[in-house]
Amino acid sequence: MKYIFSLLIVLLASAGFSNLNAQNKVTLSGYVKDSANGEALTSATISVEGSVFTSATNMYGFYSLSVLPGTYTVSFSNFGYKTEKIQIEISSNITKNVDLSRTESNLKNAVVKGKKKENQVEKVEMSTNNLNIIQIKKVPALLGEVDIVKSVQLLPGVSTVGEGATGFNVRGGSIDQNLILLDEAPVFNSSHLFGFFSVFNPDAVKDVKLIKGGMPAQYGGRLSSTLDVRMKEGNNKKFEVNGGVGIIFSRLSIEGPIAHKNPKMKNKSSFIVALRRSYADALAKPFLVNNENLKNAIFYFYDFTGKVNYTFNANNRLFLSAYVGRDAFGAPGAKFDWGNKTTTIRWNHLFSKKIFSNFTAYYSKYDYQLGFGTGKNTFEWKSNIVNFSVKPDFTFYINPRNTLQFGVVSTYYIFSPGQAISQDEGSRVDFGLPKKYALENAIYIENEQKVNDNFTMRYGIRFSSFNYIGKGSALILEKNNFAQRANVVAEQTYNAREVIQSYNTPEPRFSANYKLNKLSSVKASYNRMAQYLHLISNTAASVPLDVWTPSTNNIKPQIADQVAIGYFRNIGKNLDYELSAEAFYKTLQNQIDYIDGANLLLNSQLEAELLSGKGRAYGLEIYAKKNSGKLTGWLSYTLSKSERQVDGISNNDWYNNRFDRRHNGNITASYEISKKWSASGSFVIGSGTPTNLPNTKYSFQGYQGIPQNASGLRNNVTIKPFHRLDLSATYVHKKTAKWESNWVFGVYNVYKRRNPFSYYTQNNPDNNMQTQLIRYSVIGSIIPSVSWNFKF
Amino acid sequence: MTKNIFRLSFAIIAALSFSSCEDSIDLDLGTPVDQIVIDAVINQTADTQFIKITKSIAYLDNGTYKGYEMDTVGILDTSNFVFHQFTYRGNGVYYFVPSSANVFKFGSTYQLIAKDGADTYFSQSTLNSPTSIDSFTYAYKERGSFGGPKGNYITLWAKDKVGKGDFYWFKLYRNDSLQATAGDILIAQDNSTTADGKGDGDLFIVPIRDNFTSRPFISGETARIEILSITPELYYYLNLISTQLNNTGLFAVPPSNIPSNIVCVNDQKKKVLGFFSMAGKVSTQKIVIP
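Just so it is clear, the model here is predicted, and its values are computed rather than measured.

Colleague: Looking at this structure, I do not really get the sheet that holds strand β7 (residues 82-85) of chain B. What am I missing?
Modeller: Within a sheet, adjacent strands bond to each other through the backbone by hydrogen bonds, running parallel or antiparallel. Residue and element names in this part refer to chain B. Spatially, the 5 strands line up as an open sheet ordered β7-β6-β10-β11-β18, and their pairing is antiparallel. Strands with a single pairing partner mark the edges of an open sheet, and in this sheet they are β7 and β18 (263-264). Of the pairings in the sheet, the one linking strand β11 (residues 119-126) to β18 comprises 2 bridges and is antiparallel in character. What sits directly across from Phe122, in β18, is Val263.

Colleague: Quick question: what am I supposed to make of the nonpolar core here?
Modeller: Side chains that are nonpolar tend, in soluble globular proteins, to be buried together. Within the largest apolar cluster, 95 residues are counted, with the highest numbers of intra-cluster contacts made by Ile148(A), Val152(A), Leu182(A), Val205(A), Val208(A) and Val229(A). Sequence-distant contacts of Val205(A), that is, excluding residues within four places in its chain, are made with Ile133(A), Ile148(A), Phe200(A), Val229(A), Met231(A) and Lys232(A). Within the second largest apolar cluster, 83 residues are counted, among which are Ile38(B), Tyr94(B), Leu127(B) and Ile208(B).

Colleague: So what exactly am I meant to see when it comes to helix α2 (residues 232-245) of chain B here?
Modeller: Along an α-helix, residues three or four positions apart point the same way, because every turn accommodates 3.6 residues. An ideal rise of 1.5 Å per residue puts 20 Å on 14 residues; α2(B) measures up with 20 Å between its terminal C-alpha atoms. Those residues of α2(B) that fall on the buried side of the exposure criterion are Leu234(B), Tyr236(B), Tyr237(B), Leu238(B), Ile241(B), Thr243(B), Gln244(B) and Leu245(B).

Colleague: Before we go on, may I ask you to explain the pairing of strand β22 (residues 316-331) of chain A in this structure?
Modeller: If a strand is regular, its side chains alternate between the two faces of the sheet. Residues and elements named next belong to chain A. The sheet contact formed by strand β21 (residues 298-313) and β22 spans 15 bridges and is antiparallel. Each bridged residue has a counterpart across the sheet, and for Thr305 the counterpart in β22 is Tyr323. Linking β21 back to β22 in an antiparallel pair, the connection comprises 2 residues. Following β22, the chain reverses through 2 residues before pairing antiparallel with strand β23 (residues 334-350); Gly333 in that reversal takes a positive phi of roughly 90°.

Colleague: What exactly am I supposed to notice about the environment of Ser422(A) here?
Modeller: Along the chain, Ser422(A) turns up in strand β26 (residues 402-424). For the pair formed by Ser422(A) and Gln501(A), sequence separation is 79 residues and the distance between their alpha carbons is 33 Å. Sequence-distant contacts of Ser422(A), that is, excluding residues within four places in its chain, are made with Phe379(A), Val429(A), Ser192(B), Ile205(B) and Val206(B).

Colleague: Even after reading the chapter, I still don't get unusual backbone geometry, so can you show me in this structure?
Modeller: Most peptide bonds adopt trans geometry, and most residues besides glycine take a negative phi value. All names here are of chain A. Cis rather than trans, the peptide bond between Gly470 and Lys471 has omega equal to 10°. Among the secondary structure elements, Lys471 is positioned in the loop between β29 (455-469) and β30 (472-478). Unusually for a residue other than glycine, Arg497 sits at a positive phi of about 65°. With respect to the helices, strands and loops of the structure, Arg497 is situated in the loop between β31 (487-494) and β32 (499-517). Residues other than glycine seldom take positive phi values, yet Asn715 does so here, at roughly 55°. If you trace the backbone, Asn715 turns up in the loop between β45 (703-708) and β46 (717-718).

Cut-offs and rules
- Residues numbered from 1 in each chain as written.
- Chains lettered and ligands numbered in written order.
- Predicted model: local features only at pLDDT ≥ 70, side-chain atom pairs only at ≥ 80, totals over all residues.
- Pairing = 2+ DSSP bridges.
- Helix = DSSP H or I, 4+ residues; strand = E, 2+ residues; numbered from the N terminus.
- Core = buried A, V, L, I, M, F, W, Y, C linked by C-beta atoms within 7 Å.
- Buried ≥ 20, exposed ≤ 12 C-beta atoms within 10 Å, placed from the backbone.
- Contact = placed C-beta atoms within 7 Å.
- Expected span 1.5 Å × (residues − 1).

So, in structure tokens, the structure goes:
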């Protein structure tokens, strides 16, 4: 560790500071945007002909490039856009904003042509997948509803415990190890309807980036991945309405410029609002009239996404975004609802042509409540996690060889693990748990250095610090036997803001890219990640009731170290095909597990029922992607293993994780048949996940069929493999400059496979003396769908 | 109760023809090992007391459990060192007829001793005094808790004993037969289900007091409830049984073995299943639903 530190300091110190005053270079900078709607283009490439140096736009479309004074032909290119070549005389610092237009083919706008200059071979980033919304919309979806998380599940290294499960597992990590960001605010539960749909409205999303390894220093707080979802800014040229009507829900979004008729406001401000609501409850009502239990059932979900931005001047721009989503279930005498809320304010400020900064402040909340009972006899239970954060980030374009990023983040958390009140006939019992508080701070610095034409490095460090603070109390535990509940020896109370426990973790980050030739490169990376929040859940699939808990004096922060190496190659005339192969090895510390029969909810002594262990995961990922032409799509295969070792479980040996999938592959393809028709298909196949099953049974005091796993091994049986084919076809009904509409017809689970989600044992409901093994399939038949989408 | 909420939510999703399905399947679960199971919960009443010793069988074997005969089985009173030997009756059942109530005394500690050839099985438990019952009522309801059908539902009006850390087990008898399906296990910690000691000495909360059955009583049926004051160890043991027997559906947790409080003294590695506990018992009147 010390060695890594010293190396980093030396590297950062030499990060081109010696070059600072080498020659009098001048800076070309500006923004690259979409000419049709003014959306900032991220990762667009700016290259100067006759020079090897290139620059790429950041998340806000900004670029900066230093050159010697002179006249240059500068080309601006981006995936799916026409390349602009502009001759620019650069004698002093100059701002050049460029609008690129889409390469609309005569077919659907989904067909993407043109060279992609900034490609995987050039970039230092690895273990990263970028998906734009156009690609995501092509993936056949359950009930025709475009789904970001489901698309992410098709990427290499990503798996899920089963259809309908919340979240996703990245490189053998658990679902709470993914940092899911919506315009920089973390989203704590990414699912509607327990996991069938994700919370992101595709009409409001611009692009999605999944980072599984070689994590840039600006990201932290979760071990396994960052899923960065960026919302659209809203069309700043004209009003646009998008919408759709499907079987489960309808969508509507409106975007446009604000006060654009005022010449002072032209291209300065825009907004987008997007709304979705399910109406399955209304549709299902006639079918439930005869169902005694369900005829008055309530079930719906909705989400609202809104964003507005304003450009003050060339150096200052402000963004405000908000999200509210909610799911509600209920029947007379019972209710259950949950949802996320996020708000983000961002201010982009240019300190100079070389220093771009962004100041973010966000608020994020996840809460649920459930209650039952009628009249005077009721039981109510609420829980939430709230966090506020302030986060300035800076990018210093030092010179063409070095780009330095640095920043600070400070986050305050309030955890409310459970407020529970039981009332009956006037008596009221409150058995809720007290709130918990924490403050997490991090500082990071990272430099991307082009050492020479073929070799690029990115190196940096993030230093994170977590304080579990009062008002609260700390349980002092004594472990006698690992497999059993620890004894609570004492409970110590702390005043507000008093530090109960603090942790500091240096997190070095390193990535390197060596170009073998124009078409291929090898990359390597190492990162250490620290995670201070833990999702307390021991079900196969996470549930909305799961509670987030901070690291405490008893719960140590989770730490992961990952190394990855990869080979990247582009082939084809227009570099149409991207191939990559990556291998990774990851070790995890302080993984949470549970004693047998742990009570995870409303338990004031939960910490006494937790176990801590270590994990390891390793694997190989192969990915081939075709970006352009009539046929587009990808093929992904992952061979991996994810294991855990916890004292007290499975004879203290290593055992396979519940989400370990040895083989996992898919083919996702889309084909443009004609101007009117296009078709997509997705085939997924994978080995089953391990599960725990009893092999014997006994009875006690009249209770029959009590299961016993006489082998004592955790996850002793492997579930049968899964595979599924989904198809969809899109018919463009009408397309003019002012109006576009299409129909999407889909068939999910074409050959009616009953993929096992889990196996479980039970006493036969018809004969309590008998026991049976049940295969539970979340989806057991063909699910057809049709939806209609429009845009004007 | 969270399970019930999940069930309800999932019933709704299933009704939406999301087409989830549950199929009974056969699978090789590995070679079973039969293990000795000792089932002993003894109370202070004058009723005949039973201990049952069987062997576990393969999970998917729907035959009956085989009784297991040991050389000596009984309970030792540590206050006076009297050994109450149980007599073997066949099918794994051992019995003992107390001369009167309170042969087993509140506050005393008792030891289970079972000798099988060279092996001696041992456990220890204290007998807690029972709580008292105020009343036991029934009422016709249009709907049971968690959407149960209309019918007669019973409510138990009883209080937790004063003092933190009391544990209870409620047993419902319908027509003198113990209701023993997975959903029938009802236990309490003080007057609720949490260890915080809030509500100590109060009436058992909703949904404990009215959650005895999801199947309402019909006319002519009888109902009776026993409340056993149990040890915390038995409470956790029953809690684990309840978890394991109700562990189904999308939100199943990894099944786990339930640790016994009985050990083989001469060979600690020898696994034994089941549980020994003393329990102070109180029972309601038997009521007939008109």
